[in-house]
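Read off the chains here:
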Amino acid sequence: MKIPESELIINQDGSAFHIHIRPEELADTVILVGDPGRVDAVGEFLTDIEFRRQVREFHSMTGKYNGKRVTVLSTGIGCDNIDIVVTELDALANIDFNTREIKTEHRTLTILRIGTSGAIQPDIPLGAFVFTHYSAGCDGLINWYADRDDYSDASMEKSFTEHTHWDRHLPAPYFIKASEELIDRFKDCTVKGVTVSASGFYGPQGRVIRIQPAMPRMLEDFESWRYGDYRITNFEMESSALSGLAAHLGHKGGTVCCIIANRHLKNSRTDYKTLIRNLVKLALDRLTA
């Protein structure tokens, strides 16, 4: 079955509509970053750069690290942008752009997001690296896709919504596990994380500026929730969409974040460029080992 032009828009140069990457330019290993400027920071480690391109917030390049091709792509902020990026990456890998038909042989991508995040547990220090074992999606994105219950841990959902007295007006949260392979690659050098992906930076993460939040005890309830040896470790705004879409589409997805704020201790660190550089080096080493 051909995918209609209105559903999958392909640019005149043969690239995916938003991210402007062509099928032959995409590596099997993909690093996602939020900030377009961070693509160049990753690119400093790469050799044999094949291309550099920037359209809106989507800055991309493909090069080599340890002799292995790696694509780096910025997404901007939010799960809505991850929906665009991961869908178009999968299309590049698994749809023939000439015939608009799904390829008979599935191509699996390894997609790792490197980001910054705020911890909510007092024992997680600034500068720590947290690898998201489970994403707690409070953004609602994966609820728009069929079979979401096949990928979300129902018992974790139930435990979480009951403990936090989840507001009925909010999207149903979902819990999706990252790729086991990626978890294993980073387990000895990162904090084991359950990461809340929020749909915004302020109210959806319990920040009070001039409007009171719908769940006044949200931070305390998130911090005190336990499920076996899992606990909520940090906030960010993209990991649930990445893990959820990757699981649906048959890719290996995961997120690793540098902690630059602690909501419990009410402190933050803005001089984190060196830390991010160290995390990028660590990620490249682990992905290409």
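Residues numbered from 1 in each chain as written. Predicted model: local features only at pLDDT ≥ 70, side-chain atom pairs only at ≥ 80, totals over all residues. Heavy atoms only, no water.

Caption draft 1: Examining the overall build of the protein more closely. Scanning the protein for helices and strands turns up seven helices and 15 strands. For the protein, whose C-alpha radius of gyration is 19 Å, the value lies close to the compact-globule estimate of 19 Å for 289 residues. In terms of its C-alpha atoms, the protein occupies a principal-axis envelope of roughly 50 × 40 × 35 Å. Carbon and sulfur atoms provide 50% of the accessible area of the protein, an area that totals close to 13,500 Å². (Helix = DSSP H or I, 4+ residues; strand = E, 2+ residues; numbered from the N terminus. Rg over C-alpha atoms; globule rule 2.2 N^0.38 Å. Areas by Shrake-Rupley, 256 points an atom, 1.4 Å probe, with all protein chains shown as cover.)

Caption draft 2: Looking closely at the nonpolar core. In terms of nonpolar packing, the biggest core is built from 30 residues, with Ile-19, Leu-26, Leu-32, Leu-73 and Leu-89 touching the most fellow members. Elements supplying a minimum of two residues to this core: strand E1 (29-33), helix H2 (79-94), strand E9 (174-177) and helix H6 (239-249). With eight residues, the top contributor of residues to this core is H2. Beyond its immediate chain neighbours, meaning those up to four positions away, Ile-19 contacts Phe-58, Ser-60, Leu-73, Val-85, Glu-88, Leu-89 and Leu-92. The next biggest cluster of nonpolar side chains, apart from the first, holds 29 residues, and it includes Tyr-65, Val-72, Leu-279 and Ala-283. (Core = buried A, V, L, I, M, F, W, Y, C linked by side-chain atoms within 4.5 Å. Buried < 20%, exposed > 50% of the residue type's maximum accessible area, 1.4 Å probe, protein only. Contact = heavy atoms within 4.5 Å.)

Caption draft 3: Quick peek at the environment of Phe-222. Along the chain, the position of Phe-222 falls in helix H5 (residues 218-224). Given the relative accessible area of 1%, Phe-222 is considered buried. When the C-alpha positions of Phe-222 and Asn-234 are compared, they lie 9.5 Å apart, and in sequence the two are twelve residues distant. The residues touching Phe-222, leaving out its near neighbours within four places in the chain, are Ile-120, Gln-121, Phe-160, Thr-164, Trp-166, Val-196, Ile-232 and Phe-235.

Caption draft 4: Broad picture of a nonpolar patch on the surface. Taken together, the side chains of Phe-201, Tyr-202 and Ile-209 make up a nonpolar region of the molecular surface, amounting to roughly 340 Å² of accessible area. Along the chain, Ile-209 turns up in the loop between strand E10 (191-197) and H5. Judged by its relative accessible area of 62%, Ile-209 is exposed. (Patch = residues over 30% accessible without salt bridge, like charges linked within 9 Å, V, L, I, M, F, W, Y side chains within 5 Å. Salt bridge = Lys/Arg side-chain N within 4 Å of Asp/Glu carboxyl O.)

Caption draft 5: Region of the structure containing the side chain of Thr-75. Inspection of the secondary structure puts Thr-75 in the loop between strand E4 (68-74) and H2. Thr-75 sits in the buried class, given a relative accessible area of 1%. Setting aside its immediate chain neighbours within four residues, Thr-75 contacts Leu-32, Val-33, Gly-34, Glu-57, Phe-58, Asn-81, Ile-82 and Val-85.

Caption draft 6: Fine view of the pairing of strand E8 (residues 129-137). Counting buried residues in E8 gives nine out of nine residues, a clear majority hidden from the surface. In terms of strand pairing, E8 meets strand E14 (residues 252-262) through three bridges, oriented antiparallel. Paired with Val-130 across the two strands is Cys-257, which belongs to E14. Pairing analysis gives seven bridges linking E8 to E10, with the strands arranged parallel. (Pairing = 2+ DSSP bridges.)

Caption draft 7: A look at H6. A large share of H6 lies buried, amounting to eight of its eleven residues. Within the span of H6, buried status applies to Ser-239, Ser-240, Ala-241, Leu-242, Ser-243, Gly-244, Leu-245 and Ala-246. The first or second residue beyond H6 is Gly-250, which carries a positive phi of 80°.

Caption draft 8: Quick peek at the pattern of salt bridges. Applying the stated criterion to the full structure yields 23 salt bridges. A salt bridge links Glu-180 to Lys-177; the shortest N-O distance between them is 2.8 Å. Asp-188 is the partner of Arg-286 in a salt bridge, and the nearest nitrogen-oxygen pair spans 2.7 Å. Taken as a pair, Arg-286 in helix H7 (residues 273-288) and Asp-188 in the loop between helix H4 (180-186) and E10 lie far apart in primary sequence, 98 residues in all. The partly exposed category is assigned to Arg-286, whose relative accessible area is 22%. By relative accessible area, which is 58% here, Asp-188 ends up exposed.

Caption draft 9: Just unusual backbone geometry, in detail. For Arg-100, which is not a glycine, the phi torsion comes out positive at approximately 65°. Under the relative-accessibility criterion, Arg-100 is labelled buried at 14%.

Caption draft 10: Spotlight on the environment of Gly-63. Mapped onto the secondary structure, Gly-63 falls in strand E3 (residues 58-65). Given a relative accessible area of 0%, Gly-63 falls into the buried group. For Gly-63 and Tyr-151, which are 88 residues apart along the polypeptide, the C-alpha to C-alpha distance reads 33 Å. Discounting chain neighbours no more than four positions away, the residues touching Gly-63 are Leu-46, Thr-47, Asp-48, Ile-49, Lys-68, Arg-69 and Val-70.

So far we have only geometry, and geometry alone does not tell us how the molecule works.
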